[in-house]
There are 2 protein chains.
Amino acid sequence: MGIFSKTCEYAMRAVFFIAHRTANGGRVGIKEIATGINSPEHFLAKILQDLGRRNIIKSAKGPNGGFFMDDVTLKRRLSEVVEAVDGNGLFTGCGLGLDYCSETDPCPLHNEFKAIRERIHQMLENTTIEEFNEDLNLGVTRLKK
Amino acid sequence: MGIFSKTCEYAMRAVFFIAHRTANGGRVGIKEIATGINSPEHFLAKILQDLGRRNIIKSAKGPNGGFFMDDVTLKRRLSEVVEAVDGNGLFTGCGLGLDYCSETDPCPLHNEFKAIRERIHQMLENTTIEEFNEDLNLGVTRLKK
DNA sequence: AACATAAAAGAGTTTATTGTCTTTTATTGC
DNA sequence: GCAATAAAAGACAATAAACTCTTTTATGTT
């Protein structure tokens, strides 16, 4: 695996996709999202339900329903998405998996890992969905070939 | 999970442990390693078999047998252990899990992730088992509380 | 040669992750 | 109120990761 779980990868791509598709109002359905980011539909549905409960995305049932973002959710940071799905083990855990490892009682690689973890955290912390969306709008990047 | 798989964590701890216990000759048995690094014995056995096949550690059967390191294996880098167990997905994969993502066709977070991945790789590349062992010998660090 | 030791190999089980399918609930428009 | 729509929820199924137990093979010692 990469750095994140598959679930977390889907979550990030989906959030970006929803932001991109609904920045100017409207909603987008689960089918379109799943196709758009290349993920299994029903599995993604579960993930989005969870993100909805945590107020990272918005959703509405019924006709004209679907997923969308509002001013609050657009301001969310990528770190919040990752933490919601994968927890904070990536930011806090010991590289060697040692329970005792801490600042005062460091494992052999503690300081090296600490620097890397902080770097990852920073990157995710500094990226808001909104910001990111601008790149997508500019066509600089995309979410699927 | 943290950055590495559990299997990989055990592998790293075990390699360090073996190096530490056999730097001045001798061998160490699977039971002692498992206890010493706090891992399930038989599961660790599998991992060590694999590391042996890949010539990252050495082993000998029979009485006075066990695991050990020689001049060659002591020079191995931590990156080789990680790659043997977790593959190179951590060093090469896309952060968002996109297949197309590459240098010429980067995903939204490509450059940020690239920097982090390179950092991780560098850290693991720059750490040889031998070097590491010196820290352990100095009592600066340990593998189990 | 026989025995004891210790890793290697094989064949599982358990748990977590990932993915699928069906039913229920809420909302909108008529 | 009724039908259509779309997410929420529940109940599984498949795969992979983590872990366990037993048997086999190699090697040193007597």
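See the structure above.
All of these numbers come straight from a predicted model, not from anything done at the bench. (Residues numbered from 1 in each chain as written. Chains lettered and ligands numbered in written order. Predicted model: local features only at pLDDT ≥ 70, side-chain atom pairs only at ≥ 80, totals over all residues. Heavy atoms only, no water.)

### Regarding the pattern of salt bridges
All names here are of chain A.
No. 1: Here the structure, examined in full by the defined rule, presents 12 salt bridges over all chains.
No. 2: Taking the shortest distance from any N to any O, the salt bridge between Arg53 and Asp50 comes out at 3.1 Å. Of the two residues, Arg53 and Asp50 both sit in helix 3 (residues 41-53), 3 residues apart, roughly one turn of that helix.
No. 3: Note on Arg53: relative accessible area 62%, which makes it exposed.
No. 4: Through salt bridges that share partners, Asp50, Arg53 and Arg54 make up one connected network. (Salt bridge = Lys/Arg side-chain N within 4 Å of Asp/Glu carboxyl O. Helix = DSSP H or I, 4+ residues; strand = E, 2+ residues; numbered from the N terminus. Buried < 20%, exposed > 50% of the residue type's maximum accessible area, 1.4 Å probe, protein only.)

### Things to note about a negative patch on the surface
No. 1: Side chains of Glu112 of chain A together with Glu131, Glu134 and Asp135 of chain B sit close together on the surface and give a patch of like negative charge.
No. 2: In terms of residue count, helix 8 (residues 129-137) of chain B provides more of the negative patch than any other element does, 3 residues in total.
No. 3: Following the sequence through the fold, Glu134 of chain B ends up in helix 8. (Patch = residues over 30% accessible without salt bridge, like charges linked within 9 Å, V, L, I, M, F, W, Y side chains within 5 Å. Areas by Shrake-Rupley, 256 points an atom, 1.4 Å probe, with all protein chains shown as cover. Lys, Arg positive; Asp, Glu negative; His and termini not counted. Charge placed at Lys NZ, Arg CZ, Asp CG, Glu CD.)

### Observations concerning the packing of helix 1 (residues 6-22) of chain B against helix 2 (residues 30-37) of chain B
Residues and elements named next belong to chain B.
No. 1: At a minimum axis separation of 10 Å, helix 1 and helix 2 run at an interaxial angle of 115°. Crossing hand, helix 1 versus helix 2: right-handed. The residues of helix 2 that touch helix 1, namely those facing Tyr10, Arg13, Ala14, Phe17, Ile18 and Arg21, are Glu32, Ile33, Gly36 and Ile37.
No. 2: Residues that form the contact of helix 1 with helix 2 fall into these classes: 6 nonpolar, 1 polar and 3 charged. (Axes fitted to C-alpha atoms, helices over the stretch in contact; angles between N-to-C directions. Left-handed = near helix turned anticlockwise from the far one by under 90°. Contact = heavy atoms within 4.5 Å. Nonpolar A, V, L, I, M, F, W, Y, C, P; charged D, E, K, R; others polar.)

### Some details on the environment of Leu96 of chain A
No. 1: Considering the arrangement of structural elements, one finds Leu96 of chain A in the loop between helix 6 (89-92) and helix 7 (110-125).
No. 2: A relative accessible area of 0% places Leu96 of chain A in the buried class.
No. 3: Linking Leu96 of chain A and Cys107 of chain A, residues 11 residues apart in sequence, is a C-alpha distance of 7.7 Å.
No. 4: Not counting residues within four places of it along the chain, the set of residues in contact with Leu96 of chain A comprises Cys107, Pro108, Leu109 and Phe113 of chain A together with Glu9, Met12, Arg13 and Phe16 of chain B.

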